[in-house]
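Okay, here's what each chain looks like letter by letter:
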Amino acid sequence: MALAVGETEAGMAGSHWAARKVVIVGAGAVGSTFAYALAQSGHADEIVLTDVNRDLAAGQALDLVHGLPFFPAVDVRLGEPADYRDASVVVITAGAAQRPGESRLDLIHRNAAIVQSIVDDVVAQQFPGVIVVATNPVDALTYVAERRARLPHGRVLGSGTELDSARLRYLLSRQCKVDVHNVHAYVLGEHGDSELVAWSLVHIAGVPIDEYCRSCGNCAAWEVTRAAIERSVRDSAYHIINYKGATWFAIGLALVRIVAAILRNQRSVLSVSSLLTGAYGLTDVCLSLPAIVSGKGVERVIETPLLPRELESLHHSADVLRSAIKGLEGDRP
Ligand SMILES: NC(=O)c1ccc[n+]([C@@H]2O[C@H](COP(=O)([O-])OP(=O)(O)OC[C@H]3O[C@@H](n4cnc5c(N)ncnc54)[C@H](O)[C@@H]3O)[C@@H](O)[C@H]2O)c1
């Protein structure tokens, strides 16, 4: 059948796998919540769970398969290393989570060794797909995974600030009393304490937020509200950890969004973490910028114009991440 202009064969030009198979490494709170949300989404044909604690992964898989009558068609099961060989996406959620009072960067030494050994197992199977890192500190560990995997550029990415951007959009939608789907906003830089809101990119219905605010009248003092929203986004994880020990629902959904863009070759603009090769003058560091995500992983980072103070904050975030990575050098085998 002839294709219309702009259409690609089955809409999947970037993908090179038969089934939409996702392997989740780490079947704890984040991994199992992601598995549940992904099964409900209908985006995957096959979901495979693995964990160093095999009983946990087996239990999660069994619990999930009992939901098959209620999910869209999907196969869920316990996995083996051989499952990497024909997987479309491997999502790494294995490792320690933050304890109350700990920053994400505090986890780096504990989790870098775990991510390295998982990546070694994945690439040993001639893995054809995309690696998505969610384990914290996600930017530093995306860098570790990228360097270790030596896959073509773009095929290793981190969930980055996709979750933080969702938190920002939610808070703005509440403040501005408008559907969250109509709020466009990005958190850039580290998924962590040095992240920044790119306020110059925030818009509602194409109207820049500062302008929108002038005509809306929901805030007494926008500058003050804006600063409080940014602080709240940055501290969200700390608040949730203080309440219930860890976060898992929204990250599970953010991972579904990222993995759907890969499986469906959607070329979605998402704020994910990837190795920078010159955007804003930054190289040799992984952090989040709006990027086009497709079946090939990160196809391209979009270098949107930023204000000088935003650029400065972005460079500061890159410096924080570079020194975190430098601190790992003594750990490397
Ligand atoms: N990127 C984000 O936005 C985001 C959000 C929330 C949590 N996280 C991070 O996700 C990670 C997991 O959090 P969680 O709450 O699910 O923790 P969890 O303790 O519930 O689960 C982690 C799982 O990893 C497994 N594991 C450890 N080493 C492993 C290995 N070598 N191979 C396979 N499995 C291994 C553990 O057995 C455990 O089941 C943490 O690092 C956390 O900080 C990231």
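Values in this document were obtained by computation on a predicted structure and should not be read as measured data.

1. A few points about the overall build of the chain
The helix and strand tally for the chain stands at nine helices and 14 strands. Compactness check: the chain gives a C-alpha radius of gyration of 20 Å against a globular reference of 20 Å for 333 residues, within 12% of the reference. Overall, the chain is about 55 × 55 × 40 Å in size when its C-alpha atoms are taken along their principal axes. The buried share among the 333 residues of the chain stands at 53%. Restricting to contacts in the chain with at least 6 residues of sequence separation, those with at least 24 account for 71%. Accessible surface, the chain as shown: approximately 14,800 Å² in total, 54% of it carbon and sulfur. Between the mean site of the 30 positive side-chain charges and the mean site of the 36 negative ones, the chain shows a separation of 1 Å.

2. Description of unusual backbone geometry
The general pattern is negative phi for most residues beyond glycine and trans for most peptide bonds. In this chain, N136 is followed by P137 through a cis amide linkage whose omega measures -5°. Looking at where P137 falls in the secondary structure, it is placed in the loop between β5 (130–133) and α4 (138–149). One non-glycine residue, D284, lies in positive phi territory at about 55°. On the secondary structure map, D284 appears in strand β13 (residues 283–294).

3. Here we look at α4
Helical geometry: 3.6 residues make up each α-helical turn, so side chains three or four residues apart lie on a common side. Along its twelve residues, α4 runs 16 Å from first to last C-alpha, staying within 8% of the 16 Å computed at 1.5 Å per residue. Looking at the packing, one finds that the buried side of α4 touches α3 (108–124), β5, β6 (156–158), β12 (268–277), β13 and α9 (308–326). The first or second residue beyond α4 is R150, which carries a positive phi of 55°.

4. Quick look at the site of the ligand
A29, V30, D51, A96 and A134 are the nearest of the 25 residues found near the ligand. In the environment of the ligand, an oxygen atom lies 3.0 Å from a nitrogen or oxygen atom belonging to the backbone of A29. Breaking the shell around the ligand down by element, the ones donating at least two residues are α1 (29–41) and α3. A per-class count over the shell around the ligand returns 14 nonpolar, ten polar and one charged.

5. Details of the sheet that holds strand β10 (residues 203–204)
A sheet is described by the order of its strands in space; here three strands give the open sequence β7-β10-β11, paired in antiparallel fashion. Each edge of the open sheet is held by one strand with a lone partner, namely β7 (183–184) and β11 (207–208). Here β7 runs beside β10; their pairing, made up of two bridges, is antiparallel. Each residue of the ladder has a partner; that of V183, found in β10, is I204.

6. Describing the packing of aromatic side chains
Applying the stated criterion across every chain, the model contains three aromatic pairs. Geometrically, the ring pair formed by Y36 and F71 is edge-to-face, given 6.1 Å between the ring centres and 70° between the ring planes. With Y36 in helix α1 and F71 in the loop between α2 (54–65) and β3 (75–78), the pair connects residues that are 35 residues apart, well separated along the chain. Judged by relative accessible area, Y36 falls into the partly exposed class, the value being 45%. The class of F71 is buried, set by a relative accessible area of 11%. Taking NZ or CZ as reference, K244 lies 3.7 Å from the ring centre of W248, over its face.

7. Some thoughts on the side chain of T93
Tracing the backbone through its elements, the reader meets T93 in the loop between β4 (89–92) and α3. Under the relative-accessibility criterion, T93 is labelled buried at 13%. Polar contacts involving the side chain of T93 include one to the main-chain carbonyl oxygen of G26, which spans 2.7 Å. Sequence-distant contacts of T93, that is, excluding residues within four places in its chain, are made with I24, V25, G26, V30, G31, A134, T135 and L255.

8. A word on the side chain of S294
Note on placement: S294 falls in strand β13. S294 has contacts with A261, I262, N265, Q266, R267 and E299, leaving out every residue within four places of it along the chain.

9. Here we look at the confidence of the model for the chain
With 93% of its residues at a pLDDT of at least 70, the chain reaches an overall mean of 92. In the model, residues 1–14 has pLDDT below 50 throughout and makes 13 contacts with residues more than four positions away in sequence or in other chains.

10. Structural notes on the environment of C213
Relative to the elements of secondary structure, C213 occurs in helix α6 (residues 209–216). Residue C213 is classed as buried on the basis of its relative accessible area, which comes to 15%. As for C213 and Q175, which are separated by 38 residues in sequence, their C-alpha atoms are 10.0 Å apart. Setting aside its immediate chain neighbours within four residues, C213 contacts C219 and W222.

11. Some details on α9
A rise of 1.5 Å per residue sets the reference length of α9, with its 19 residues, at 27 Å; its end C-alpha atoms lie 27 Å apart and thus fit the reference within 8%. Among the residues of α9, E310, L314, S317, A318, L321, A324 and I325 are the ones counted as buried. Considered in projection along α9, the buried side chains sweep an arc of 120° and stay on one side of the axis. Exposed side chains of α9 directed beyond 90 degrees from the buried face belong to P308, R309, E312 and K326. The inward-facing, buried residues of α9 contact α3, α4, β8 (187–188), β9 (196–197) and β13.

Rules behind the numbers
- Residues numbered from 1 in each chain as written.
- Predicted model: local features only at pLDDT ≥ 70, side-chain atom pairs only at ≥ 80, totals over all residues.
- Heavy atoms only, no water.
- Helix = DSSP H or I, 4+ residues; strand = E, 2+ residues; numbered from the N terminus.
- Rg over C-alpha atoms; globule rule 2.2 N^0.38 Å.
- Buried < 20%, exposed > 50% of the residue type's maximum accessible area, 1.4 Å probe, protein only.
- Contact = heavy atoms within 4.5 Å.
- Areas by Shrake-Rupley, 256 points an atom, 1.4 Å probe, with all protein chains shown as cover.
- Lys, Arg positive; Asp, Glu negative; His and termini not counted.
- Charge placed at Lys NZ, Arg CZ, Asp CG, Glu CD.
- Expected span 1.5 Å × (residues − 1).
- Near = heavy atom within 4 Å.
- Polar contact = N/O pair within 3.5 Å; in protein donor to acceptor, adjacent residues only side chain to side chain.
- Nonpolar A, V, L, I, M, F, W, Y, C, P; charged D, E, K, R; others polar.
- Pairing = 2+ DSSP bridges.
- Phe/Tyr/Trp six-rings, centres within 6.5 Å; stacked < 30°, edge-to-face > 60°.
- Lys NZ or Arg CZ within 6 Å of the ring centre and 35° of its normal.
- pLDDT = per-residue confidence, 0-100.
- Arc of directions from axis to C-beta.

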